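Structural overview
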Amino acid sequence: TMVVVKIAFILSVGLVGILAHKHQSKELDAKYNWWQHEVFYQIYPRSFQDSNGDGIGDLQGITSRLQYFKDTGITSVWLSPIYESPMVDFGYDISNYTNIQPEYGTLEDFDALIAKANELGVKVILDFVPNHSSNKHPWFIKSVAREPGYEDFYVWEDGILLENGTRVPPNNWLSVFSGSAWMWNDERQQYYLRQFTYGQPDLNYRNPAVIKAMDDVMLFWLNKGIAGFRIDAIIYIYEDAQLRDEPPSGTTDDPNNEAYLSHIYTRNQPEDYGLLQHWRQLLDNYTANHDGPLRIMMTEGYASVSQLMEYYEDSNGVQGPQFPFNFDFITELNANSTAADFVFYISRWLIYMPHGHVANWVMGNHDNPRVASRFGEKSVDAMNMLLMTLPGIGITYNGEELGMTDYRDISWSDTVDQPACEAGIDNYKTISRDPERTPMQWSSDVNAGFSSADRTWLPVNPNYKELNLRNQQQARRSHYKIYQSLLKLRQLPVLKNGSFVPEVVNRRVFAFKRELKNEHTLLTIVNVSNRTELVDIADFIEQPNRLSVLVAGVDSQHRVGDRLKAETIELAPNEGLVIQLNKRK
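Residues numbered from 1 in each chain as written. Predicted model: local features only at pLDDT ≥ 70, side-chain atom pairs only at ≥ 80, totals over all residues. Heavy atoms only, no water.

Moving on, we get to the sheet that holds strand 10 (residues 190–193). By definition, the strands of a sheet pair up through backbone hydrogen bonds, in either a parallel or an antiparallel sense. A sheet is described by the order of its strands in space; here three strands give the open sequence 6-10-9, paired in antiparallel fashion. Strand pairing shows two members of the sheet lacking a second neighbour, strand 6 (156–157) and strand 9 (182–185), which therefore form its edges. Sheet topology note: the strand 6/strand 10 ladder contains two bridges and is antiparallel. When the bridges of strand 10 are listed, E157 appears paired with Y191. (Pairing = 2+ DSSP bridges. Helix = DSSP H or I, 4+ residues; strand = E, 2+ residues; numbered from the N terminus.)

Right under this line is the structure:
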């Protein structure tokens, strides 16, 4: 009897130990790995929700809509800049890194937003803009005046004095927004570097005091309860210390166009990586010394795939951001891309990515045409199926879950995007980013439910009467409901941990499998053409199998639960399907 009791005791203690270990493992996973299969939803604050009727979105408006994310299944949001700013570039020109733009609210409003988000289980990521400040920032004003400690806070140069007495910039570097990257300052009698607008002078990261100041900014917001940062324009942080001229690119004859030069001395400099590694260490140290989840860093930078992979980690294994944004769906793919193009660019990222890291897929943002306008309105569901069933992280720009479209008919008088305004009335439409920044379309109420104002900061797209959240919530099938169902599907282990196997079915159709032992295999199949396709995928899915539809688009002839034959799957133009493969027993 004693032996039996002893064995029972040992077994029970062992079981308790196993359960405790599993519980601890689950807790550690929730703390450190929460971001690895996340969908991050980008909020453009100015266009999301206006709470006070001034026509401009604000923090209280965002707080009032946080329940929407919980209802939808979104658990992480990142906010485009909310800092104090003269709004030359709508918040990307910051005059106070530790205060809120008054149009958007107060620090107390931000605290209330974080408290509500925590209550609903929604993490908040902040946009961080380190490359440049506003020319109205006290740092710049002090630097202009050569106040001690601020003389070299920005990149200042004398320029070159020609024989005729004319002073010209120190080199041929160009601004992203056209013309010289150097701006003369009469008071200081020197040029300052500004790779963006005149109101965005570049900070000097070769000065340790600048790095210390930015570290303090990060710590300020971390102490406010955020889960991390999206780092803006990281490729511009450092420039060549020797100020060498950049060579012509040969792609344009316009010497003022930024594409006129190959930017080998002003972008993706080796020092960029070291700075990101420093900030990664700051975030890791903060996590180690505070409760809550791992504080993460994601970076924005348009660069070659090999350069971007160095952001994950360098050749010595030193860690940088958790992930650099993957913009291939924006920069490399469009409505004319073939099935092979899609498979190539998707596979390329996964092949180049260092072992042990996580892929991500950015489908849209505030700087580029919306998915519905870029790939076509019939492609919305298929693109969201891709976003949600590829391995890793998905990034959604606000409104893409509804299939919002660009408002291309914004008049010259309503145009506010600074580069577009500088381009003039004849050319503004070709470069304006206003069309993808119009207010969120919540309902068919006045101003799409965004604002009660007589005039909103940008006009609301007139199609809001039909295309809005409320209509899609009430419809039997809608882009929103499909997006919501895809978020639920992402909880499946096969989508979290399954392998990825792509296939070019033909020039117009591609598919990929997600496979995991002891789990049903999932198949995503997409027709990228504007013609109906009848495809046979029997060889790809290793018969025998039974196929059933898990997700279908709003206009699809297929319904969830329909059985399909692998030899004859009919796909309408631009249609996508998510299919479950049920192996016969």
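Under the counting rule described, the total for this entry stands at 46 aromatic pairs. Relative to W139, the ring of Y97 has its centre 5.7 Å away and its plane inclined at 25°; by these criteria the two rings are stacked. A residue pair is termed long-range when its members are at least 10 positions apart, and Y97 in strand 4 (residues 96–100) and W139 in helix 5 (residues 138–144) qualify at 42 residues. Judged on exposure class, the residue Y97 and its partner W139 are both buried. The side chain of K123 reaches across the aromatic face of W34, ending 4.8 Å from its centre. The cationic tip of K513 hangs over the ring face of F540; the distance from NZ or CZ to the ring centre is 4.7 Å. (Phe/Tyr/Trp six-rings, centres within 6.5 Å; stacked < 30°, edge-to-face > 60°. Buried < 20%, exposed > 50% of the residue type's maximum accessible area, 1.4 Å probe, protein only. Lys NZ or Arg CZ within 6 Å of the ring centre and 35° of its normal.)

Among the five residues in strand 1 (residues 39–43), five count as buried, and that is most of the element. Burial of the side chains of strand 1 extends over both faces: V39, Y41 and I43 are buried on one face and F40 and Q42 on the other. Here strand 1 pairs with strand 15 (residues 393–397) via four bridges, running parallel. Paired with Q42 across the two strands is Y397, which belongs to strand 15. Two elements, strand 1 and strand 2 (residues 76–79), share four bridges in a ladder whose sense is parallel.

Turning our attention to the pattern of salt bridges. In total, this model carries 23 salt bridges according to the counting rule given. Ionic pairing is found between E271 and R206, a salt bridge with its closest N-O pair at 3.1 Å. Remark: R206 occurs in the loop between strand 10 and helix 6 (208–222) and E271 occurs in helix 7 (residues 271–288); sequence separation between them is 65 residues. With a relative accessible area of 30%, E271 lands in the partly exposed category. Looking at R206, the relative accessible area reads 40%, which means it is partly exposed. Residue D284 is joined to R280 by a salt bridge in which the shortest nitrogen-to-oxygen separation is 3.1 Å. Taken together, the residues span about one helical turn, with D284 and R280 both in helix 7 at a distance of four residues. (Salt bridge = Lys/Arg side-chain N within 4 Å of Asp/Glu carboxyl O.)

Attention now moves to the sheet that holds strand 2. Ordered in space as 13-12-11-5-2-1-15-14, the eight strands form an open sheet in which the pairing is parallel. The open sheet has two edge strands, strand 13 (323–324) and strand 14 (360–362), and neither has a second partner. Strand contacts of helix 7: strand 5 (123–128), strand 11 (228–231) and strand 12 (296–299), with the helix running at about 155° to strand 12, the strand carrying the most contacts. (Contact = heavy atoms within 4.5 Å. Axes fitted to C-alpha atoms, helices over the stretch in contact; angles between N-to-C directions.)

Right, let's get into the nonpolar core. Membership of the largest hydrophobic core comes to 96 residues, with the highest contact counts inside it found for Y41, F69, Y205, W221, F229 and W279. By residue number, the principal contributor to this core is helix 6, which donates eight residues. In this structure, this core is formed jointly by two domains, domain 2 (131–202 + 239–267) and domain 3 (498–583), each of which donates at least three residues. Not counting residues within four places of it along the chain, the set of residues in contact with W279 comprises F128, P130, Y205, M214, D215, M218, I231 and M297. Listed in part, the 45 residues of the second largest apolar core include W34, W78, F329 and W361. (Core = buried A, V, L, I, M, F, W, Y, C linked by side-chain atoms within 4.5 Å. Domains from an automatic or database assignment.)

This part takes up unusual backbone geometry. Positive phi values are uncommon outside glycine, yet Q189 reaches one of about 60°. Mapped onto the elements of the fold, Q189 is located in the loop between strand 9 and strand 10. Even without a glycine there, the phi angle at N447 is positive, about 55°. Take N447: it is sitting in the loop between helix 14 (428–431) and helix 15 (469–474). A residue is classified by how much of its surface remains accessible, and N447, at 14% relative accessible area, is buried.

Let's shift gears to the UniProt feature "domain: Glycosyl hydrolase family 13 catalytic" (unreviewed entry) in the protein chain. UniProt marks residues 42–437 with the feature "domain: Glycosyl hydrolase family 13 catalytic" (unreviewed entry), using the numbering shown here. End C-alpha atoms of residues 42–437 are separated by 12 Å, and the span's content is 30% helix alongside 13% strand. (UniProt positions renumbered as here; feature names shortened; annotations may be inferred.)

All right, on to the side chain of T456 then. Residue position: T456 is located in the loop between helix 14 and helix 15. From its side chain, T456 meets the backbone oxygen of L458 in a polar contact 2.5 Å long. The contact partners of T456, leaving out residues within four places of it in the chain, are G55, P439, N447, F450 and S451. (Polar contact = N/O pair within 3.5 Å; in protein donor to acceptor, adjacent residues only side chain to side chain.)

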